[in-house]
Number of protein chains: 2
Amino acid sequence: MKSSQTPAELRTLRNFAADAPDEKQIETLKRMARDARLDAVLMTGIAGSGHPAGALSSMDIFNTLFAVADLTPANCCDAAHDRIVVSHGHTSAGVYASLAAWGFVDRDAARANFRRAGSPFQGHVERMVPGVDWGTGNLGQGLAAGVGFALADRACGRTGARVYVVMGDGEQPKGQNAEARRIAVKENLSHITALIDANDIQIGGKIDDVMPANIPLLWAADGWNVIECDGHDYQALYDALKRADVSDLPTVVICRTVMGKGVSFMEGIAEYHGKTASGDLLVKAIQELGGDPAEVERLKKIRTGDLPKGRAVPCEKPSLDLGTPRTYTDADKKDGRGAFGTALADVAKENISVPGRTPILAFDCDLLGSVKLDLFAKVAPDHLVETGIQEHATATVAGAASTAGVVAVWADFGVFGIDEVYNQQRLNDVNHAPIKTVLTHVGLDVGEDGMTHQCIDYVGAFRNFFGYKLVVPADPNQADRATRWMLGEPCAVCLAVGRGVHPVILKEDGTPLFGGDYQYEYGKIDILRDGKDATILAMGHMAVSAIAAADALKAKGVSAQVLHCSAPLGIDAGELVRLVSGKPLVTAEDHHADTGLGAIAALHLARAGVAVKMRNLGVTRYGDSGKASEVVARMGLTPADIATAVESLR
Amino acid sequence: MKSSQTPAELRTLRNFAADAPDEKQIETLKRMARDARLDAVLMTGIAGSGHPAGALSSMDIFNTLFAVADLTPANCCDAAHDRIVVSHGHTSAGVYASLAAWGFVDRDAARANFRRAGSPFQGHVERMVPGVDWGTGNLGQGLAAGVGFALADRACGRTGARVYVVMGDGEQPKGQNAEARRIAVKENLSHITALIDANDIQIGGKIDDVMPANIPLLWAADGWNVIECDGHDYQALYDALKRADVSDLPTVVICRTVMGKGVSFMEGIAEYHGKTASGDLLVKAIQELGGDPAEVERLKKIRTGDLPKGRAVPCEKPSLDLGTPRTYTDADKKDGRGAFGTALADVAKENISVPGRTPILAFDCDLLGSVKLDLFAKVAPDHLVETGIQEHATATVAGAASTAGVVAVWADFGVFGIDEVYNQQRLNDVNHAPIKTVLTHVGLDVGEDGMTHQCIDYVGAFRNFFGYKLVVPADPNQADRATRWMLGEPCAVCLAVGRGVHPVILKEDGTPLFGGDYQYEYGKIDILRDGKDATILAMGHMAVSAIAAADALKAKGVSAQVLHCSAPLGIDAGELVRLVSGKPLVTAEDHHADTGLGAIAALHLARAGVAVKMRNLGVTRYGDSGKASEVVARMGLTPADIATAVESLR
């Protein structure tokens, strides 16, 4: 995209080189803001859709930030730059107008193609627009993203880097904000500054009528430095940000603003939150902002032309030595989570002191020993971030960090790492965040903790996303290798392992099947046993039961092949259909029977137009609370149940 | 279950009839608590699993609450009773021991069958145990549940009812708590009292080391009355609760406690959060609590016997006149959300002044006009609960309210009503909460707001649960009737509608197919057009495009039947297989192609062993931001795309 020129006279404001903006600088900033307000009104007016009043309200905040932050068209695709997160992403028209004013994007392209299908200038800011480091839209996420960037800055040694998060006042009550505030304070992230566009209005009207909250007190209660200022006064904004820049605490600047600022009929009117100016009112708004109404027709014509292209979202493969895989035997009594924790600690040890290697940050929500991050914490104590029982913020913190030069590993129970944070993970996916999520307690294998803690829906949940890879290892050896593979991948991966110790999967010759030189290959179907009469397709530790079932069937003269799929979302569909065609199929998983591997296999078969006799063994109600083996048995998932199912199909 | 005897001398404590407990009463309470501590140690010791130290820490709080609250074995299954929500559900052993002491459950049954597969005495408290009104386990949910109960009390006119919520200190940082606090204050719920078991220890160690939070200040900042007291001193606890009982504000009592209280080697030791006493230590603990170690063997024997049964979770069909359905024509330009909002307002109007009818509470998260609750708000302003941008708490508030004598309707955009609160909805499902969730903006139909706001995974998400019914109407007439049906159902229902105005579905004779006397029937497949050459199976407003495709095919001499499924999770599978067998099948939905109706159809076909040529048209990447029609077109979901897909299979 072409760039506008950034005024030379503003250069001394960047990085707070000047004590204060001088009169000429303020004039320039005001002129830029007026033009950007015009652009925001044009964008939303031409699109006939969008959120003009918030864009106008935040405009002077955006403009000040782009003046002071070390974020430029030249450095915005690198890992090292100051970051400006816009949490109230519906002010996108304001963001694009500011980005155009500061040369990140072409002004006409932005003005003409706002909310046009296929354009990067979407209704809510997304990362394909240069200068946007975190796509938002669902409110209450931005502060946590900023915390993630700030943690990545520290881990990468980007001293002097700053993170700014602009937020709406209506989103202040979202609980995730409070969680993020506490992480910032605990981690001493003094280089993060939040700015609240406090225009006192949200969709439903006055903030105090919709949901009262004592905003300054809430931030102060969590330990933030609180500054209030006029959000349309450049002297005041610069001064507040300069004070924040030298504060020892994270700072929030509560910017008192007027919704719809600059357009007379929008000022202070809640309706213009999501309503655009049209017809005569659009002309009036353009004129008030010194624009030419004829621009509307010119831009509408551009809107019918070629779609502008967004940037390729930056993504780098981690630079890590993945170490030497370990091979476990049953004598090791290793559970999947332990194999993960050990491999992670191995890789951390291998890389932590080597210059140029990508730093690993591990995130824990008060389950350090249970999720086996204690091993990592011993090797790399400074890279372990303990965020307490605050999963919503943690998911976003880790997601954002993963885009900013670190490998971010978040380990948690399944119900917390995906169920509790489903939307945060969805937004990580939207943001192309290469977060590594490790679910250490999935399936009925969780046992005694019962139905609230048994994550029997992780496949069904991740299946709704598009970018996430999901890996469910069969045994500790595959878990070891999958962990190492995951750490080197430049995309989002979820590793789902169980709580229990299960036997190591062996070849028929008695040696570990996933040991030795075995390398993890995403999507590959593991053939655990050959057989011609039927297929048992298993996922995770149920592979062990599947083999036991096949052994039992063999004794009865039935030859069942046993397949394992560690990558239900990436399974090689053609190979699957080839392998299972022509004989009965029993799928076995301690996952919801309608949404897991069995359902995926059924979908691939149906799409291929192939029918086999099939039974899907899985979880068909919320599980019991008791020993995992008993819980599994009461759900009808024992080797005997599997064998019986096979026989019932013959 | 059999009941123990509740001591007569404690009777004057109930409802705070006494000014203070006398010495004899305190002696009795202490004795009961000691016995209950013994039981909790026995339970966890025999199960070899559980959370003893928190149970011991909270025991005097539980015991005081059961003494003062109007919650008894006699009234606990009715709608009207004081409620005690235990948010830190892992203290279940303490809860069961208290319930046994107060006669709710049989003491031996609870002691012997804790965490035994199939027993109601699960690892985290669940509603099949009498006296448990809300199942918890995942932390940070209990306060919102309490707020829901308090709102239901008010709506049902249960003056004098009280709600107590016992919480851990480790779960205080969960953002959902702050959201719930604000709702309680805004709604003037002075009859709710939270009690924090402040033992200063969580799994990872000291609270201040894991995640510092200024707990009293946070509650005060949100407007709560804050009291602190010794959580093991019955005089102090009674006094604090009595003060809370007359407070004009919701009150939090911060109870200073000792983790593991009463067992010398557990006191103050974080390890005993999730570790039980065994062997000699179990004997030592039993002896310290005045018990007989021989009980262990006796109870273990009981544990091998018959499983105790839990109660049937109480659930009543709402008493509502569902009014007269409306029939819309295209001239009405009615969108699905508008049809919902109108029908809800109709039903509210019909019932609001009629004695004996179930009150309807509607919940809004600052989207009143968008989700069309403005119509309800006009009819029943006192029954509209505006909770602001705080979806996590709202989901639980509405869920809990729905179990307590009101019809709770929560309307929100799809991404907020399910994606953002996936786990809250899962826990509603675990709790058999008959919440009515209305997703007003689902599918690509959301248009300009773009990928963060396009909920293309609601089927895939709800599919992971077990109790929820999901309804996706084809047009405003079906939406009207489905809304009325939903309001009368005694179970959880999600109604998913779109943002856009689409044509009314007509019969071939030109009259509205879902108009007139049409009654909504859950699970039924709607036959929109007959045809012999192929099947188009559509969901929601895509039915209109499916008919258009069939019309286009007809012109080419291809006779396609058009089916609509409004109940993807409850579809009549046998009928589906019968209808679609023997001809090509194209499924069409503006939902994720791998997890929606197409995937469900594929699963049923595969399970039936039936293969047809099939193509699943749906969403295969995150959607664009633009006019809905253009977004749909760019995803390849136009009538022409559907027709082409049909032809490609012939």
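Quick notes on the rules
- Residues numbered from 1 in each chain as written.
- Chains lettered and ligands numbered in written order.
- Predicted model: local features only at pLDDT ≥ 70, side-chain atom pairs only at ≥ 80, totals over all residues.
- Heavy atoms only, no water.
- Contact = heavy atoms within 4.5 Å.
- Buried area = accessible area lost by both parts, 1.4 Å probe.
- Salt bridge = Lys/Arg side-chain N within 4 Å of Asp/Glu carboxyl O.
- Nonpolar A, V, L, I, M, F, W, Y, C, P; charged D, E, K, R; others polar.
- Axes fitted to C-alpha atoms, helices over the stretch in contact; angles between N-to-C directions.
- Helix = DSSP H or I, 4+ residues; strand = E, 2+ residues; numbered from the N terminus.
- Parallel < 35°, antiparallel > 145°, perpendicular 65-115°, else oblique.
- Left-handed = near helix turned anticlockwise from the far one by under 90°.
- Pairing = 2+ DSSP bridges.
- Core = buried A, V, L, I, M, F, W, Y, C linked by side-chain atoms within 4.5 Å.
- Buried < 20%, exposed > 50% of the residue type's maximum accessible area, 1.4 Å probe, protein only.
- Polar contact = N/O pair within 3.5 Å; in protein donor to acceptor, adjacent residues only side chain to side chain.
- Phe/Tyr/Trp six-rings, centres within 6.5 Å; stacked < 30°, edge-to-face > 60°.
- Least-squares fit on C-alpha atoms with pLDDT ≥ 70 in both.

(A) Inspection of the interface of chain B and chain A at higher detail. Across the contact, 103 residues belong to chain B and 103 residues belong to chain A. Approximately 8100 Å² of surface area, both sides summed, lies buried where chain B meets chain A, with 56% of it carried by carbon and sulfur atoms. When the area that chain B buries against chain A is broken down by residue, the three leading residues are Ile-389, Phe-466 and Tyr-622 of chain B, summing to 9%. The interface formed by chain B and chain A contains ten salt bridges. One salt bridge in this structure joins Glu-420 of chain A and Lys-174 of chain B, with 2.5 Å as the shortest N-O distance. Taken together, the residues that form the side of chain B that touches chain A break down as 39 nonpolar, 36 polar and 28 charged.

(B) View of the packing of helix H1 (residues 23-47) of chain B against helix H3 (residues 92-101) of chain B. Residues and elements named next belong to chain B. Between H1 and H3, the shortest axis-to-axis distance is 8 Å and the interhelical angle comes to 130°. When the axes of H1 and H3 are compared, the pair comes out oblique. With respect to the hand of their crossing, H1 and H3 are arranged in right-handed fashion. Within the contact between the two elements, H1 uses Met-32, Ala-36, Asp-39, Ala-40, Met-43 and Thr-44 and H3 uses Ala-93, Gly-94, Tyr-96, Ala-97, Ser-98 and Ala-101.

(C) Seen up close, the sheet that holds strand S14 (residues 525-529) of chain B. Residues and elements named next belong to chain B. Strand order in the open sheet formed by five strands is S14-S16-S15-S17-S18, and the pairing between neighbours is mixed. Taken across any chain shown, the strands that pair with only one partner, and hence form the sheet edges, are S14 and strand S18 (614-619). Going from strand to strand, the sheet's axes swing by 20° on average, the running direction of each strand aside. Direction of pairing for S14 relative to strand S16 (residues 560-565): antiparallel, over a ladder of four bridges.

(D) Spotlight on the nonpolar core. Core analysis: the largest hydrophobic core is formed by 312 residues, its most contacted members being Phe-363 and Tyr-458 of chain A together with Phe-363 and Tyr-458 of chain B. Among residues more than four places away in sequence, those in contact with Phe-363 of chain A are Leu-151, Leu-373, Val-385, Thr-387, Thr-394, Val-397, Ala-398, Ala-401, Ala-408, Val-409, Trp-410 and Ala-411 of chain A. One finds Leu-71, Tyr-96, Val-105 and Leu-195 of chain A within the second-largest nonpolar core, a separate group that totals 75 residues.

(E) Seen up close, the side chain of Ser-49 of chain A. Among the structural elements, Ser-49 of chain A can be located in the loop between helix H1 (23-47) and helix H2 (52-68). A distance of 2.6 Å separates a polar atom in the side chain of Ser-49 of chain A from a polar atom in the side chain of Arg-115 of chain A. If we ignore the near neighbours within four places in the chain, the residues touching Ser-49 of chain A are Thr-44, Phe-114, Arg-115 and Thr-276 of chain A together with Glu-448 of chain B.

(F) Examining the pattern of salt bridges more closely. All names here are of chain B. Applying the stated criterion across every chain, the model contains 76 salt bridges over all chains. Asp-153 is paired through a salt bridge with Arg-158; the nearest N and O atoms lie 2.8 Å apart. Exposure class is identical for Asp-153 and Arg-158. Each is buried. Residues Arg-256 and Glu-228 are paired through a salt bridge, measuring 2.7 Å at the closest nitrogen-oxygen approach. Taken together, the residues span a long stretch of sequence, with Arg-256 in strand S7 (residues 251-256) and Glu-228 in strand S6 (residues 225-230) at a distance of 28 residues.

(G) Structural context of the packing of aromatic side chains. Residue and element names in this part refer to chain A. Summed over the entire model, instances satisfying the criterion amount to 33 aromatic pairs over all chains. Taking 5.1 Å as the distance between ring centres and 45° as the angle between the ring planes, the aromatic pair formed by Tyr-422 and Phe-465 counts as tilted. Taken together, the positions of Tyr-422 in helix H16 (residues 422-430) and Phe-465 in the loop between helix H17 (458-462) and strand S12 (469-471) put the pair 43 residues apart, joining distant regions of the chain. Judged on exposure class, the residue Tyr-422 and its partner Phe-465 are both buried. Summarising the aromatic geometry, the rings of Trp-485 and Tyr-522 are spaced 5.6 Å apart at their centres and angled 5° between planes, so their arrangement reads as stacked.

(H) Quick peek at the sheet that holds strand S14 (residues 525-529) of chain A. Residues and elements named next belong to chain A. Spatial strand order, S14-S16-S15-S17-S18: five strands in an open sheet with mixed pairing. In this open sheet, the two edge strands, each paired with only one partner strand, are S14 and strand S18 (614-619). On average, each strand axis in the sheet is inclined to that of its neighbour by 20°, with strand direction left out of account. Pairing of strand S17 (residues 585-592) with S18, which is carried by five bridges, proceeds in the parallel orientation. Bridge assignment links Thr-587 to a residue of S18, and that residue is Asn-616. Lying over the sheet, helix H21 (residues 597-608) contacts strand S15 (534-538), strand S16 (560-565), S17 and S18, oriented at roughly 135° with respect to S17.

(I) Summary view of the relation of the copies chain B and chain A. Once turned by 180° and shifted 0.0 Å along the axis, chain B lies on chain A with an RMSD of 0.0 Å. In short, the pair behaves as if placed about a two-fold rotation axis. In terms of C-alpha distance to the rotation axis, chain B has Gly-175 of chain B as its closest residue, with the C-alpha 1.8 Å off the axis. A shared interface surface links the copies, since 100% of the contact residues of chain B are contact residues in chain A too.

Treat this as a map of the structure, not an account of what it does.
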